[in-house]
Structure formats: structure tokens, C-alpha cells
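Each chain, letter by letter, is given below.
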Amino acid sequence: LRRSTRRGRESMASAIRSATSWASRATSMSRMRVRLFCSCRDHPWLSMVSSPTSFLPEERILTFLSANAAAGRLADVARDWSHLPEEKHEEGMEVLLQTHLFAGFPRTINALATVRRIGVREGAENWKQHTDSTRWQESGEKTCETIYGRGYDKLRQQMKQLHPILDAMMIEHGYGAVLSRPTLSLRLRELCVVAILAGQQVAPQLNSHIRGALRAGASEEEVRTVIAQTHLAWGEEAQEEANATMSSIDHARYGL
């Protein structure tokens, strides 16, 4: 009887220790989650480049996230995500999704895996999209024409000369199934695209999407802010090249 009683006390003590341990872990995980998600306005890059009041802090963080994902800077991707408000996670996922168009699938996959490890607000993924290529083509043509303005017909002709399938993929997939999705405004999409292209030595494409951002509703000050922060993710040499591209744009060619 004494042995049974002793074993019972030991079993109870063990159960209490186990419960205490799990409670401690849960508290620790809760505190860790609080630490992981920081204030939007505390992001260190926000103070490094001035911006107009129209360019909201959470929008600028999305441009940081885009550039860092494209550059493969996963530690900075994690930091950007930790400063992005949870109610903006859907937009953050959308920004990362579109990155594959301008920086490839590997960098996009690695960035998405990084934010998944940190945590994505439940319901932040918007899987809604057109289910037939006819609608992709229609929306893609409209979005592409908005971005390229008077240069749209010339662009389509050039793409078809390079490869007819490339032209179809650009319109149906790129501008249709991805960039025409409703979760993110075209203005903010294009500002994020500028952040991605600014560091990749693709001056013609950067030139086009700078003008595209303006046509989509971004102010010149907002575009210049994105260009001015290029060095943060891409380095000083990329900054010089992005500045040169920005300077070369003739306002008369915007077609606005």
C-alpha cells in the first residue's frame, strides 16, 4: 500500500512537472511571437530615405520586402515580415507571389518559405483567380496597356517577334493571372516591381515600369523614394544605375 501511495505521489509530481513545462513553453512561444511581430513604424529602413506622406509605412515595407526577396536576402525578408502589420499579410503574400515574374521561382519560393516559418495570419492567402485563359488574356491586355500606355502596341509587336509564345505568356500569365489579381492595387504592384528591377541591371525594363507606376497612379515622389532606397537591398553600384535610369526618363514620354 505504501509503495502504491508513493508511486501515486511520484506520478502526480511528474504530471505536475510536465504540465508546468508545457505551460512554460506556451508562455515562451507567446512571448516569442510578440517579439517576432514588431511595430510597422520601427522598421530601420523607413528613416534612411525620406518619403512623401502619401507613401504609407506599410506600403514602403512591401517595397522593401519585394527587393529583399528578389535579392535573396532572406534575413531581411524575415525582418520586413516581422514589421508588416498582420492585417497586411494578404498584401505581403501577394507581393511575394508576383516576385517570380521579375526574379524567378527559386527566390520567390525561398522568400515564401521564410515568411511561412515566421507565421502568416490565417486567411491571408487569397487563392481566387480566373479559371479560364480567355479572362486572363482580357485582364492582362488591359493591365499591360495601362502600364505601357502609347507604347503598348509596340511592346506586343516586339514580344511576338522575339517569340509568339513569350507574348502569350506575358499577357495571359504575367499581366493577367498575376498582376491583374484584385488583392493589391496596380499602383502598389508597380512600385514593388520598380524595387525589384532597380537592382538587376535591366535599365529598359526599369524605365518601362517607372513610367508604368506613374500611369498606375503613383506620384513621382513615391517612385523617386523607391529608386532612392535601391542601395539598401542591392548596393551602391545598383543605386547609381537606378539613379541614371530615373534621370534619363523624359516626362514628355509618360503618355499621361
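As a further point, take the pattern of salt bridges. Counted according to the given criterion, the structure contains 11 salt bridges. Linking Lys88 and Glu91 is a salt bridge whose minimum nitrogen-to-oxygen distance equals 3.7 Å. The residue Arg189 makes a salt bridge to Glu94 at a minimum N-O spacing of 2.9 Å. Separated by 95 residues along the polypeptide, Arg189 in helix α10 (residues 186–197) and Glu94 in helix α4 (residues 89–98) bring together distant segments of the chain.

Further remarks concern the environment of Ala67. With respect to the helices and strands, the residue Ala67 is situated in helix α2 (residues 57–71). Beyond its immediate chain neighbours, meaning those up to four positions away, Ala67 contacts Ala195, Ile196, Ala233 and Trp234.

A few words on the packing of aromatic side chains. With the rule as written, the count across this model stands at two aromatic pairs. Ring geometry for Trp45 versus Phe64: centroids 5.3 Å apart, planes at 80 degrees, classification edge-to-face. Within this pair, whereas Trp45 is found in the loop between α1 (2–36) and α2, its partner Phe64 is found in helix α2, the two being separated by 19 residues in sequence. Judged on exposure class, the residue Trp45 and its partner Phe64 are both buried. Residues Tyr148 and Tyr175 carry aromatic rings whose centres are separated by 6.4 Å and whose planes lie at 75 degrees to one another, so their mutual orientation is edge-to-face. In this pair, Tyr148 sits in helix α7 (residues 133–148) while Tyr175 sits in helix α9 (residues 164–178), placing the two residues 27 residues apart along the sequence. There is no split in this pair, since Tyr148 and Tyr175 are both buried. A cation over an aromatic ring shows up here: Arg79 above the ring of Trp45, its NZ or CZ 4.4 Å from the ring centre.

Looking now at helix α12 (residues 220–228). Along α12, the residues classified as buried are Glu222, Val223, Thr225, Val226 and Ile227. Looking at the buried side of α12, the elements it contacts are α2, α10, α11 (203–215), α13 (230–234) and α14 (236–248).

We now examine empty space enclosed by the protein. Any empty space left between atoms is shown by rolling a water-sized probe over those atoms. Applying the stated rule across the entire model yields one cavity of 30 Å³ or more. Taken as a whole, the largest cavity holds about 60 Å³ of empty space. Around the largest cavity sit Trp45, Thr63, Phe64, Ala67, Ala195, Ala198, Val226, Gln229, Thr230, Leu232, Ala233 and Trp234, which together line it. Those elements that place two or more of their residues in the lining of the largest cavity are α2 and α13. Considering each element in turn, the lining of the largest cavity owes the most residues, four residues, to α13. A class-by-class count of the residues in the lining of the largest cavity yields nine nonpolar, three polar and no charged.

Within the secondary structure layout, Asn207 lies in helix α11. A relative accessible area of 11% places Asn207 in the buried class. Not counting chain neighbours up to four residues away, the residues in contact with Asn207 comprise Thr245, Ser248 and Ile249.

Let us look at the nonpolar core. Trp81, Cys144, Leu206, Ile210, Val223 and Ile227 are the most contacted members of the largest nonpolar core, which has 57 residues in total. The leading source of residues in this core is α10, at eight residues. Every residue in contact with Ile210, bar those within four places of it in the chain, is listed here: Val194, Val223, Ile227, Thr245, Met246 and Ile249.

The topology assignment puts Arg181 in the loop between α9 and α10. A polar contact of 2.4 Å, which involves the side chain of Arg181, links it to the side chain of Glu94.

The subject of this paragraph is a negative patch on the surface. On the surface, Glu236, Glu237, Glu240 and Glu241 cluster together into a patch of negative charge. Locating Glu237 in the fold gives a position in helix α14. Residue Glu237 is classed as exposed on the basis of its relative accessible area of 55%.

Where helix α3 (residues 74–83) meets helix α6 (residues 105–118), the axes come as close as 9 Å, and the angle between the chain directions of the two elements is 45 degrees. When the axes of α3 and α6 are compared, the pair comes out oblique. Between α3 and α6 lies a crossing whose hand is right-handed. Of the residues in α6, those touching α3 at Leu74, Val77, Ala78 and Trp81 are Asn110, Ala111, Thr114, Val115 and Ile118. Its residues placed into classes, the contact of α3 with α6 shows seven nonpolar, two polar and no charged.

What counts and what doesn't
Residues numbered from 1 in each chain as written. Predicted model: local features only at pLDDT ≥ 70, side-chain atom pairs only at ≥ 80, totals over all residues. Heavy atoms only, no water. Salt bridge = Lys/Arg side-chain N within 4 Å of Asp/Glu carboxyl O. Helix = DSSP H or I, 4+ residues; strand = E, 2+ residues; numbered from the N terminus. Contact = heavy atoms within 4.5 Å. Phe/Tyr/Trp six-rings, centres within 6.5 Å; stacked < 30°, edge-to-face > 60°. Buried < 20%, exposed > 50% of the residue type's maximum accessible area, 1.4 Å probe, protein only. Lys NZ or Arg CZ within 6 Å of the ring centre and 35° of its normal. 1 Å grid on protein atoms, 1.4 Å probe; cavity = no way out; pocket = protein on both sides within 12 Å on 5 of 7 lines; lining within 4 Å. Points joined across faces, edges and corners; volume = space filled by probe spheres on them. Nonpolar A, V, L, I, M, F, W, Y, C, P; charged D, E, K, R; others polar. Core = buried A, V, L, I, M, F, W, Y, C linked by side-chain atoms within 4.5 Å. Polar contact = N/O pair within 3.5 Å; in protein donor to acceptor, adjacent residues only side chain to side chain. Patch = residues over 30% accessible without salt bridge, like charges linked within 9 Å, V, L, I, M, F, W, Y side chains within 5 Å. Areas by Shrake-Rupley, 256 points an atom, 1.4 Å probe, with all protein chains shown as cover. Lys, Arg positive; Asp, Glu negative; His and termini not counted. Charge placed at Lys NZ, Arg CZ, Asp CG, Glu CD. Axes fitted to C-alpha atoms, helices over the stretch in contact; angles between N-to-C directions. Parallel < 35°, antiparallel > 145°, perpendicular 65-115°, else oblique. Left-handed = near helix turned anticlockwise from the far one by under 90°.

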